[in-house]
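Reading the structure
So you can see what is in the structure, the chains are spelled out below.
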Amino acid sequence: MQHPQPFHSALKAFVLNLFIIVFEAPLGSVVSNHFSCQVGIMLGGLLASTGLVLGSFATSLKHLYLTLGVLTGLGFALCYSPAIAMVGKYFSRRKALAYGISMSGSGIGIFILAPVVQLLIEQFSWRGALLILGGFVLNLCVCGALMRPITLKDDQTTSEQNHVCRTETQGFQRASPSSTWTKEWVQTCLCGSLQQEYSFLLMSDFVVLAISVLFMAYGCSPLFVYLVPYALSIGVSHQQAAFLMSILGVIDIIGNITFGWLTDRRCLKNYQYICYLFAIGMDGLCYLCLPMLQSLPLLVPFACTFGYFDGAYVTLIPVVTAEIVGTTSLSSALGVVYFLHAVPYLVSPPIAGWLVDTTGSYTAAFLLCGFSMIFSSVLLGFARLVKKTRKTQLQFLAKESDPKLKLWTNGSVAYSVARELDQKDGESVAIAMLGSNPA
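Just so it is clear, the model here is predicted, and its values are computed rather than measured. (Residues numbered from 1 in each chain as written. Predicted model: local features only at pLDDT ≥ 70, side-chain atom pairs only at ≥ 80, totals over all residues. Heavy atoms only, no water.)

If you tally the helices and strands in the protein, you get 16 helices and 2 strands. For the protein, the residues scored as buried account for 39% of the 439 residues in total. Long-range pairs, those at least 24 residues apart, make up 79% of the contacts in the protein between residues at least 6 apart in sequence. For the protein, the computed accessible surface area is about 23800 Å², with 69% contributed by carbon and sulfur atoms. (Helix = DSSP H or I, 4+ residues; strand = E, 2+ residues; numbered from the N terminus. Buried < 20%, exposed > 50% of the residue type's maximum accessible area, 1.4 Å probe, protein only. Contact = heavy atoms within 4.5 Å. Areas by Shrake-Rupley, 256 points an atom, 1.4 Å probe, with all protein chains shown as cover.)

Once that is clear, we can look at the nonpolar core. For soluble globular proteins, the rule of thumb is that nonpolar side chains tend to be buried together. Formed by 69 residues in total, the largest nonpolar core has its most connected members in Phe206, Tyr276 and Tyr313. Top element by residues in this core is helix H13 (residues 296-325). It accounts for 16 residues. Contact partners of tyrosine 276, with chain neighbours within four places excluded, come to Leu209, Val213, Met216, Tyr313, Leu316, Ile317, Val320 and Leu380. Grouped together as the second largest cluster of nonpolar side chains are 9 residues, Ala48, Ala58, Leu64 and Leu130 included. (Core = buried A, V, L, I, M, F, W, Y, C linked by side-chain atoms within 4.5 Å.)

This next bit is on unusual backbone geometry. Even without being glycine, serine 125 reaches a positive phi, approximately 70°. Within the fold, serine 125 resides in helix H5 (residues 95-137). The class of serine 125 is partly exposed, set by a relative accessible area of 36%.

The next thing to look at is the pattern of salt bridges. Under the defined criterion, the tally for this structure stands at 3 salt bridges. One salt bridge connects glutamate 323 with arginine 384, and the closest N-O pair in it is separated by 3.1 Å. Remark: arginine 384 occurs in helix H15 (residues 363-401) and glutamate 323 occurs in helix H13; sequence separation between them is 61 residues. Its relative accessible area of 44% is what places glutamate 323 among the partly exposed residues. (Salt bridge = Lys/Arg side-chain N within 4 Å of Asp/Glu carboxyl O.)

One way to put it is that helix H10 (residues 222-233) packs onto helix H11 (residues 238-263) with a least axis distance of 8 Å and a crossing angle of 150°. Comparing their axes, H11 and H10 come out roughly antiparallel. For the pair H10 and H11, the crossing hand works out as right-handed. For the pair H10 and H11, the contacting residues are Leu223, Phe224, Leu227, Val228, Ala231 and Leu232 in the first and His238, Ala241, Leu244, Met245, Leu248 and Asp252 in the second. Here the residues of the contact of H10 with H11 are counted per class, giving 10 nonpolar, 1 polar and 1 charged. (Axes fitted to C-alpha atoms, helices over the stretch in contact; angles between N-to-C directions. Parallel < 35°, antiparallel > 145°, perpendicular 65-115°, else oblique. Left-handed = near helix turned anticlockwise from the far one by under 90°. Nonpolar A, V, L, I, M, F, W, Y, C, P; charged D, E, K, R; others polar.)

The next thing to look at is helix H12 (residues 272-289). When the terminal C-alpha atoms of H12 are compared, their 26 Å separation across 18 residues agrees well with the 26 Å that a helix rising 1.5 Å per residue should span. Buried residues of H12: Gln272, Tyr273, Cys275, Tyr276, Leu277, Ala279, Ile280, Gly281, Asp283, Gly284, Cys286 and Tyr287, and no others. (Expected span 1.5 Å × (residues − 1).)

It is worth spelling out the environment of cysteine 143 at this point. Mapped onto the elements of the fold, cysteine 143 is located in helix H6 (residues 139-146). A sequence separation of 101 residues divides cysteine 143 from methionine 42, and the C-alpha atoms of the two residues are 7.8 Å apart.

Bringing the packing of aromatic side chains into the picture now. All chains considered together, the criterion is met by 13 aromatic pairs. Relative to phenylalanine 306, the ring of phenylalanine 224 lies with its centre 6.4 Å away and its plane at 65°, an arrangement referred to as edge-to-face. Of this pair, phenylalanine 224 sits in helix H10 while phenylalanine 306 sits in helix H13, and the two are 82 residues apart along the sequence. Given the relative accessible area of 0%, phenylalanine 306 is considered buried. Between tyrosine 230 and phenylalanine 366, the aromatic rings sit 5.4 Å apart at their centres with planes inclined by 85°, giving edge-to-face as the arrangement. One end of the pair, tyrosine 230, is in helix H10; the other, phenylalanine 366, is in helix H15, and 136 residues separate them in sequence. The burial state of tyrosine 230 is the same as that of phenylalanine 366; both residues are buried. Counting every residue linked through ring pairs, the aromatic cluster contains Phe224, Tyr226, Tyr230, Tyr287, Phe302, Phe306, Tyr362 and Phe366. Directly above the ring of tyrosine 273 sits arginine 384, whose terminal nitrogen or CZ lies 3.7 Å from the centroid. (Phe/Tyr/Trp six-rings, centres within 6.5 Å; stacked < 30°, edge-to-face > 60°. Lys NZ or Arg CZ within 6 Å of the ring centre and 35° of its normal.)

Take the state of the cysteines next. Counted by the stated rule, this structure contains 0 disulfides. Not part of a disulfide, cysteine 275 finds its nearest cysteine sulfur in cysteine 267, a span of 8.7 Å. Judged by its relative accessible area of 10%, cysteine 275 falls in the buried class. Not part of a disulfide, cysteine 286 finds its nearest cysteine sulfur in cysteine 289, a span of 6.7 Å. (Disulfide = S-S within 2.5 Å.)

Structurally, threonine 315 is set in helix H13. The class of threonine 315 is buried, set by a relative accessible area of 0%. Separated by 217 residues in the primary sequence, threonine 315 and alanine 98 have C-alpha atoms spaced 9.0 Å apart. The residues contacting threonine 315, other than those within four sequence positions of it, are Ala96, Tyr99, Gly100, Met103, Gly255, Asn256 and Gly260.

Bringing the packing of H13 against helix H14 (residues 330-359) into the picture now. Two quantities define a packed helix pair, namely the angle between the helix axes and the distance between the axes. In contact at an axis separation of 10 Å, H13 and H14 are set at 125° when each is read in the N-to-C sense. If you check the angle between H13 and H14, you find them oblique. Of the two elements, H13 crosses H14, and the hand of that crossing is right-handed. Of the residues in H14, those touching H13 at Ile317, Pro318, Thr321, Ala322 and Val325 are Leu330, Ala333, Leu334, Val337 and Tyr338. In terms of residue class, the contact of H13 with H14 is made up of 9 nonpolar, 1 polar and no charged.

See the structure below:
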């Protein structure tokens, strides 16, 4: 095998790896929900390491596609969603900061490992580099083992229901393994478990979030592909264009951590949803201003602003999702959200490239991305406004219809303390009358 061929093969396999990761994200949620986050991460680390090690012995393109692409990508997919969901179970007061620190690890890893991998290739060839990376990735199994399980009240209820379902199913299978009724019971049990696990798909708030994620993901991806070509097209040198990407990456990491810390402050704790909308909207506005920036001194502040708010809203995605679906379904919901995020994320760069080729400039591509992100922010904001307006109307109607009723913040109607006392008084009178009757 000649030298250029392994490089192009590894590059294509990496693209397939990315494709597998983003489209198999829900699989990690399923494994972690039915077993545990520890099992999901350890299994994913083992698969990813095995793929890298086997890839070092590849002798053809098909071998690299199967090992470095499918196997390693599947392993990383099993690790990602459970690792993010585990953060939400451990932290409540500083949840946004915890998510920011944990999600900044991928950016820091890319920033540090890029020169390290290049050094490994120069010292040990691409085969040796893959072998060393395989041993390094195997540490994911250690990380998974260190994630001590923590059980919340909602998790206990769900696990008890699943345990009862499994116990009854095993009992029926022992009693009559070939019975048609037993098979129907097993199917009903499995369908009920999956229905409970993905019941959030029927929530209107989650549907709106999913639609907004599609538009948001379409807008955020093309800049990382076309910022350097755009900078070169306006006369910026190759080194300066590469410097813009470095700025974008570093500020993205800073945005992950600092914006999470800011939104955990007492003054912004209750407005994390609005902060999420603000960050997406700011990235959209940056896109709209980009065609007017025609020099390096103008592109540097742009890269800082866009990179910061890109890291900001990425940090708050799990926070906003947990606010809608709760902690119990967070792993499954994140799997769906990241899957929906992946589809336009992979499709938008080719569409932007087609617009550039068709129009002869980057203006149309950048404007479409900007309006897409702004629409995502406006859609979520409008949905939240409609929900609050409807809740206010229901509260008003409840007070008008019955002064002894009041509406809680979750929208459910509950009897007031006065009515409960009236009922207790009625029960005590009835007991007294029964006690006064002769036997």
